[in-house]
Amino acid sequence: RGDDVDRAMHVKRTEARREFDMSEGVRSEAIHVFGVDLLNTQQILDVFMEYNPKFIEWLDDSSCNVVFGDNIAPQRAIDNVSIEVPQDAPWRRTELKQVAPTLPPQILHMR
């Protein structure tokens, strides 16, 4: 689970991870990202910059949706910036990533 990775890195999340709820439906134009507690909007946009994100929808201090202009870019982005973690599906995560020079390396969880 994502919590195991965070514990191993000694990261304390402000909010709990929002697990997938099929009744909420799937938004093909967005990626849900967890673990953004230390990041600002621009830093999150920079992670996905190559895929032309349009904006961020903040859900709480730990989670946001990165919204794109179509439904192709999010799939390309998630395929290229994250890895599968079979025991944690449908979540994927980034490798340990230096998002900003003033922050410790981060692991972002996404679906």
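Residues numbered from 1 in each chain as written. Predicted model: local features only at pLDDT ≥ 70, side-chain atom pairs only at ≥ 80, totals over all residues. Heavy atoms only, no water.

Engineer: Could you give me a rundown of the overall build of the chain, with the residues and numbers involved?
Structural biologist: Counting secondary structure elements, the chain contains three helices and six strands. Going from N to C terminus, the chain has its helices and strands arranged as α-β-α-β-β-α-β-β-β. Taking all 111 residues of the chain together, the buried fraction comes to 44%. Here the analysis covers contacts within the chain between residues at least 6 apart in sequence; of these, 56% occur between residues at least 24 apart. For the chain, the accessible area works out to roughly 6400 Å², and carbon and sulfur atoms hold 51% of it. (Helix = DSSP H or I, 4+ residues; strand = E, 2+ residues; numbered from the N terminus. Buried < 20%, exposed > 50% of the residue type's maximum accessible area, 1.4 Å probe, protein only. Contact = heavy atoms within 4.5 Å. Areas by Shrake-Rupley, 256 points an atom, 1.4 Å probe, with all protein chains shown as cover.)

Engineer: Explain the pattern of salt bridges to me, and be specific about the residues and the numbers.
Structural biologist: A full pass over the atoms with the stated rule returns three salt bridges. When the shortest N-O distance is used, the salt bridge between Glu 57 and Arg 27 registers 2.6 Å. Here the residue Glu 57 occupies a position in strand 2 (residues 53–58), and Arg 27 occupies one in the loop between helix 1 (2–8) and strand 1 (30–34), the gap between them amounting to 30 residues. Using a relative accessible area of 24% as the deciding quantity, one classes Glu 57 as partly exposed. Since its relative accessible area comes to 35%, Arg 27 is described here as partly exposed. A salt bridge links Arg 92 to Glu 84, with the shortest nitrogen-to-oxygen separation between them at 3.9 Å. (Salt bridge = Lys/Arg side-chain N within 4 Å of Asp/Glu carboxyl O.)

Function cannot be read off these values alone, since they describe shape.
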